[in-house]
Amino acid sequence: MKRLLIIGIGAGDPDHLTLQAAKAIAAADVFFIVDKGEVKHDLVQLRQDLIQEHGRAPYRIAEARDPERDRTTPAYAAAVEDWRSRRALACERLIRDELADGETGAFLVWGDPGVYDSTLAIVEQILERGQVVFDYEVIPGISSVSALTARHRTSLTQVGRPVHLTTGRRLAQEGAGADDVVVMLDAHCSFAGLDDFTIYWGAYLGTPDEILVAGPVAEVGDRIRALRAEARERKGWIMDTYLLRRT
């Protein structure tokens, strides 16, 4: 039977790779890379560097182009579901055509596969279609949330207080909803106006382009917006995460 490894590779620093993940990379015969295009070449390059350092020859690399997602439609959930279905078909073709029975294939997933990533859902969708049969294993990684709190030298949790994990889109629609809120990928800086919170913000965590800002939202919000806009203009993409803590 075909075997698949879903390997978390950390938030961007090559040293985030765990010993378990390094061993998993060494066990793979084929690495599957879904290319997001030249603008996000950095994301592919890190994967290729880790494969070169930890992979055990002879191995192969098979690539597919990531489908475009409609980012203009107000029907966000439908657009994501359509994109995910087309991405699943691309990944299914890779597993079907590039991985032989008895071989091990691997997807190297940014951060942790179980935190804000679609790979596990896509793998389950492929299995449900029944066109390809394989077994798979998940290797956890250091998420951007863990990297963020470490870089800011703060704890994710506080005694007796829950933590709410959400997106910038949902934060804008629903508000904070808790005293401690982790927000993933907020294109519109939806923390604006939450002046009773302290923010711990980070972009490109673990990479040479890393940016960190912390302080009361009322004092550092404008600076974060300016830094985020400049960084996205310069690189063409940005991945950011932040923790809001009611003061």
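What comes next is a walk through the structure. The model shown is predicted, which means the values in this text are computed figures rather than measured ones.

What follows is about the overall build of the protein chain. Regarding its fold elements, the protein chain presents seven helices and ten strands. Counting only C-alpha atoms, the protein chain reaches 55 × 40 × 40 Å along its principal axes. The buried share of the protein chain, taken over its 247 residues, is 47%. Counted over contacts in the protein chain with a minimum sequence separation of 6, partners at least 24 positions apart contribute 72%. About 12,600 Å² of surface is accessible on the protein chain, with carbon and sulfur atoms providing 48% of the total. Put simply, the protein chain has 30 plus and 38 minus side-chain charges, and the middle of one group is 1 Å from the middle of the other.

What follows is about the sheet that holds strand 4 (residues 104–109). The parallel open sheet is built from five strands, whose spatial order is 3-2-4-1-5. This sheet does not close on itself; its edge strands, each paired only once, are strand 3 (60–65) and strand 5 (134–139). The sheet shows a mean angle of 25° between the axes of neighbouring strands, taken without regard to direction. Note: strand 2 (residues 30–35) against strand 3, six bridges, orientation parallel. Pairing of Val30 across the sheet is with Arg60, part of strand 3. Its contacts with the sheet put helix 1 (residues 19–27) on strand 1 (2–8), strand 2, strand 4 and strand 5, and the angle it makes with strand 1 is roughly 145°. Packing of helix 2 (residues 41–54) onto the sheet brings it into contact with strand 2, strand 3 and strand 4, and relative to strand 2 it is tilted by some 170°.

Our next topic: the packing of helix 1 against helix 2. Running from N to C, helix 1 and helix 2 cross one another at 80°; their axes reach a closest spacing of 9 Å. In terms of their interaxial angle, helix 1 and helix 2 are classed as roughly perpendicular. Listed contacts from helix 2 to Ala22, Ile25 and Ala26 of helix 1 are Leu50, Ile51 and His54. Each residue belonging to the contact of helix 1 with helix 2 can be placed in one class, and the counts come to five nonpolar, one polar and no charged.

Structurally, Ala187 can be placed in the loop between strand 7 (180–184) and strand 8 (197–203). Residue classification places Ala187 among the exposed residues on the basis of a relative accessible area of 53%. When the C-alpha positions of Ala187 and Ala90 are compared, they lie 27 Å apart, and in sequence the two are 97 residues distant.

There is about 210 Å³ of room inside the second largest pocket. Residue composition of the lining of the second largest pocket, grouped by class: seven nonpolar, four polar and four charged.

With that out of the way, let us pick up the pattern of salt bridges. Under the counting rule described, the total for this entry stands at 17 salt bridges. In this structure, Arg87 engages Asp66 in a salt bridge whose closest nitrogen and oxygen atoms are separated by 2.7 Å. Of this pair, Arg87 sits in helix 3 (residues 76–98) while Asp66 sits in the loop between strand 3 and helix 3, placing them 21 residues apart in sequence. Here Arg87 and Asp66 have matching classes, each one buried.

This paragraph deals with the sheet that holds strand 8. Ordered in space as 6-7-10-8-9, the five strands form an open sheet in which the pairing is mixed. The strands lining the two open edges of the sheet, one partner per strand, are strand 6 (164–167) and strand 9 (211–216). For this sheet, the mean inter-axis angle between neighbouring strands, taken without regard to orientation, is 15°. Note that strand 6 and strand 7 share four bridges and pair parallel. Within strand 7, the position partnered with Leu165 by the bridge is Val182. Contacts from helix 5 (residues 144–151) reach strand 7, strand 8, strand 9 and strand 10 (240–246) within the one sheet, and its direction differs from that of strand 10 by about 60°.

The rules behind each value
Residues numbered from 1 in each chain as written. Predicted model: local features only at pLDDT ≥ 70, side-chain atom pairs only at ≥ 80, totals over all residues. Heavy atoms only, no water. Helix = DSSP H or I, 4+ residues; strand = E, 2+ residues; numbered from the N terminus. Buried < 20%, exposed > 50% of the residue type's maximum accessible area, 1.4 Å probe, protein only. Contact = heavy atoms within 4.5 Å. Areas by Shrake-Rupley, 256 points an atom, 1.4 Å probe, with all protein chains shown as cover. Lys, Arg positive; Asp, Glu negative; His and termini not counted. Charge placed at Lys NZ, Arg CZ, Asp CG, Glu CD. Pairing = 2+ DSSP bridges. Axes fitted to C-alpha atoms, helices over the stretch in contact; angles between N-to-C directions. Parallel < 35°, antiparallel > 145°, perpendicular 65-115°, else oblique. Nonpolar A, V, L, I, M, F, W, Y, C, P; charged D, E, K, R; others polar. 1 Å grid on protein atoms, 1.4 Å probe; cavity = no way out; pocket = protein on both sides within 12 Å on 5 of 7 lines; lining within 4 Å. Points joined across faces, edges and corners; volume = space filled by probe spheres on them. Salt bridge = Lys/Arg side-chain N within 4 Å of Asp/Glu carboxyl O.

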